[in-house]
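Observations on chain architecture
One letter stands for each residue in the lines below.
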Amino acid sequence: MLRSKFFSWNEKEIIVTVQKIKSDKIYFYINFLKEFWMYQDNKNNEIKFEIMNNSNEDLSFLLEVRNHPTTREQLENNQVFSLEQCKEWYFSLKTPWYIIYYNNIKVGYFRRNLDEIGCDIHPKYRNLGIAKKVYLKYLKNVNFASLWVFDDNFAKKIYEKVGFKEVEEFKIIRDRKYVKMIYNSENNE
Ligand SMILES: CC(C)(COP(=O)(O)OP(=O)(O)OC[C@H]1O[C@@H](n2cnc3c(N)ncnc32)[C@H](O)[C@@H]1OP(=O)(O)O)[C@@H](O)C(=O)NCCC(=O)NCCS
């Protein structure tokens, strides 16, 4: 027991107090770093879309993402494409696709066929919040969009978070349920 004129603490209380001060400090630093990172993220991490060119550079990047097994398993058509096939196919598209840049680095592509959209992110840049930001940015400027997703793909949760709702239409592909989702700005005001 420690005693002074004004205080009378036992050792246990002192240890608890010291531990609390320490953990408050750690908590403060963690929060400071978190806020600093978020500030950096809001200030510096910029998402840009640029129309994909029919160039070897853009289409090779598209294929690097598109032909990756982890991407193909989540797509309706899981075929591997060659650069020649890709060029021919891209030339026939009615709506251009976009390359997604994150801080000026190519990180993925945004697919679009009229109202139907989707995006695939390069495996190196996944789980950084990029797809979610891409959808939020795109949906700010449109009233309607639709997409297809495998029912067991975690990406379905991202779509729900940004305002897509599952509709009744579905297909069975490779023994998995492939569902349609719709975004309507009127339902998300
Ligand atoms: C689906 C895909 C586009 C998501 O892109 P991404 O940039 O990695 O996704 P984000 O980082 O924006 O993730 C957003 C949310 O999903 C969660 N998430 C990301 N990767 C995850 C994973 N592998 N498992 C579970 N949740 C995951 C994140 O934690 C985040 O959740 P939060 O909003 O609660 O923080 C990307 O993983 C991809 O290209 N996958 C392969 C192809 C594919 O599935 N395409 C879509 C077909 S419909």
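Here we summarise the structure given alongside this text. (Residues numbered from 1 in each chain as written. Predicted model: local features only at pLDDT ≥ 70, side-chain atom pairs only at ≥ 80, totals over all residues. Heavy atoms only, no water.)

**A few points about the site of the ligand**
Operational definition: Throughout this document, a residue counts as near a molecule or strand when at least one of its heavy atoms sits within 4 Å of that molecule or strand. Pairing of N or O atoms within 3.5 Å defines a polar contact, subject to two protein rules: one partner must be a possible hydrogen donor and the other a possible acceptor, and residues neighboring in sequence count only if both atoms are side-chain atoms. Areas reported here follow the Shrake-Rupley algorithm with a probe of radius 1.4 Å; residue values treat only the protein chains shown as occluding. Going along the chain from the N terminus, every DSSP run of H or I of four or more residues is numbered as a helix, and every run of E of two or more is numbered as a strand.
Neighbouring the ligand are 22 residues; D120, I121, N127, G129 and K161 lie closest to it. L128 has a polar backbone atom sitting 3.2 Å from an oxygen atom of the ligand. A distance of 2.6 Å separates an oxygen atom of the ligand from a polar backbone atom of G129. Notes on the ligand: free accessible area 930 Å², of which the protein chains cover 74%. For the shell around the ligand, the elements supplying multiple residues, two or more each, are α3 (69–72), β6 (116–121), α5 (130–139), β7 (144–150) and α6 (155–162). In terms of residues, the shell around the ligand owes the most to one element, α6, which gives four residues.

**A look at the environment of S146**
Selection criterion: Note on exposure labels: buried denotes an accessible area under 20% of the residue type's maximum, exposed denotes more than 50%, and partly exposed covers the range between, all computed with a 1.4 Å probe on protein chains only. We call two residues contacting when some pair of their heavy atoms lies within 4.5 Å.
Looking at where S146 falls in the secondary structure, it is placed in strand β7. Of the residues examined, S146 reaches a relative accessible area of 5% and is grouped as buried. Sequence-wise, S146 and R112 are 34 residues apart; in three dimensions their C-alpha atoms are separated by 9.9 Å. Residues in contact with S146, not counting those within four places in the same chain, are D115, E116, I117, F164, K180, M181 and I182.

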